[in-house]
Amino acid sequence: MHIPNRQSALEALQRFLPHAGENYASRRNFVSAPLVEANVSGLSPWVRTRLLQEWEIIEHVLHQHSASAASKFIDEVCWRTYWKGWLQLRPAVWEQYLAELNQARKVSFMDATYQAVLAGQSGIECVDQWTQELQQTGYLHNHVRMWYASIWIHTLKLPWVLGADLFMQYLLDGDPASNTLSWRWVAGLHTKGKTYLANPDNIQKYTQGRFEVKERLATEAVIPKSFPIQQPRSLPSLGPLPQKKSRVGVLLQEDDVRALNWLVTNQDTAEIHIAGYFSPAVYSVNKIAPMVAQFRQESLQSVLQADHPLFNDVDSVSNWAVTKQLDAVLMAEVPTGMWDSKIQDLQSVVEAQGVKLSMQRCPWDAHFYPLAKAGFFRFKQGISAALHSVVSSS
Ligand SMILES: Cc1cc2nc3c(=O)[nH]c(=O)nc-3n(C[C@H](O)[C@H](O)[C@H](O)COP(=O)(O)OP(=O)(O)OC[C@H]3O[C@@H](n4cnc5c(N)ncnc54)[C@H](O)[C@@H]3O)c2cc1C
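Residues numbered from 1 in each chain as written. Predicted model: local features only at pLDDT ≥ 70, side-chain atom pairs only at ≥ 80, totals over all residues. Heavy atoms only, no water.

### Thoughts on the packing of aromatic side chains
Overall, the coordinates contain 26 aromatic pairs when judged by the stated rule. Consider the rings of Trp-79 and Tyr-82, whose centres lie 5.5 Å apart with planes at 85°: the pair is edge-to-face. Linking Trp-79 with Tyr-82, this pair stays in helix H5 (residues 71-89), spanning 3 residues, or about one helical turn. Take Tyr-82: its relative accessible area is 2%, and that puts it in the buried class. Counting every residue linked through ring pairs, the aromatic cluster contains Trp-55, Trp-79, Tyr-82, Trp-83, Trp-364, Phe-368, Phe-376 and Phe-379. Over the face of the ring belonging to Phe-30 we find Arg-27, whose NZ or CZ atom lies 4.3 Å from the ring centre. The ring of Tyr-139 carries Arg-145 above its face, with NZ or CZ at 5.5 Å from the centroid. (Phe/Tyr/Trp six-rings, centres within 6.5 Å; stacked < 30°, edge-to-face > 60°. Helix = DSSP H or I, 4+ residues; strand = E, 2+ residues; numbered from the N terminus. Buried < 20%, exposed > 50% of the residue type's maximum accessible area, 1.4 Å probe, protein only. Lys NZ or Arg CZ within 6 Å of the ring centre and 35° of its normal.)

### Here's the deal with the site of the ligand
Lining the immediate environment of the ligand, one finds 28 residues, of which Tyr-24, Ser-41, Gly-42, Tyr-139 and Asn-142 sit closest. Residue Leu-43 places a main-chain N or O atom 3.1 Å away from an oxygen atom belonging to the ligand. Tyr-139 is positioned with one of its side-chain polar atoms (N or O) 2.7 Å from an oxygen atom of the ligand. Starting from 810 Å² of accessible surface for the ligand in isolation, the protein chains cover 96%. Residue assignment for the shell around the ligand shows that the elements contributing at least two residues are helix H3 (44-48), H5, helix H9 (142-155) and helix H11 (176-187). (Near = heavy atom within 4 Å. Polar contact = N/O pair within 3.5 Å; in protein donor to acceptor, adjacent residues only side chain to side chain. Areas by Shrake-Rupley, 256 points an atom, 1.4 Å probe, with all protein chains shown as cover.)

Have a look at this one:
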């Protein structure tokens, strides 16, 4: 059960910490029902909004385990950063996903298999249980996500974009980078010549006999047609830091609800005003389940104090900036995905009032994103140096 506040996130982290070493390395692929935090952490919904920031999770882990004992867990935490950096460097991949999704949605209502899977009646018992679990809890184990995506694409022959969309609708941790790129990887679109095929023995073994798949699963993959992957661009440049003695607004948003702890360090400001911004419109346009929208909004709300307003539209942010006579508004960078289009509106409305809206990249992302130009193997070689500089300075 994921409760959207820091206290619950910290308690879950404490429960998992003893297991983050050897146990995680050897047990993480086993899927228990319900989620047992001894195998995997179950932290992803809190990591998604950074109610738990990656660097603090790793710091806690390193208090209990050596870096080598916890290396598998640390790698997995860094996979999320890798995917985010990878997409940030190649935003066209997200645009292409949206274009393909819009096409697929137009005909999806006529697709009987798609409708049957959504209704939990695919005829494959494990798939139907996992659909229900996803829709009810907003969480699936990583191994289940891999099997599910594989059966969806390679056995049921459904468009991968509709599967990625289903996950984005229901996962509490739904993340444009990790989700889209993992679905692409299973489909065979990410790493040349590599697809992921689920097989019944593997499902039976790692669910400890709970699912005996009698249906024939695909043993060969047909890689869907897609666009070529663009070369990495330069990372978008960030806005300037506010001048000394200025009146600064800090606008917290759902990608890093605790950004206050890195956004305004060492700044000689005249006054700081804090507010939150959450756009329900982005959720409804993208048909995201109310439980997900609620989890994200409440996560943000949970870090705001009584005198910190939470705004749901850009005009209210702009009025706040004017009323408080702000010189600049600081925000954590919004990563590539469905939320960044709203940020462009926000920027133009706020800046029309003569207030500079300035995005900043946290030290963790700034350190890692440039390493996401190639594969994870190369990225991973940068982890130990990064841990040293980022964790010890945070
Ligand atoms: C098809 C598919 C879709 C996915 N969609 C998402 C998504 O929308 N959002 C998301 O956060 N993850 C996604 N993942 C990655 C992974 O499944 C989840 O991060 C993980 O299952 C979360 O559970 P946990 O917190 O118990 O993970 P743990 O195993 O305890 O890992 C700790 C943390 O590391 C990160 N992490 C672990 N594994 C991965 C991974 N393979 N890729 C990226 N980050 C990882 C997560 O932040 C996680 O909370 C997807 C994977 C697949 C195969």
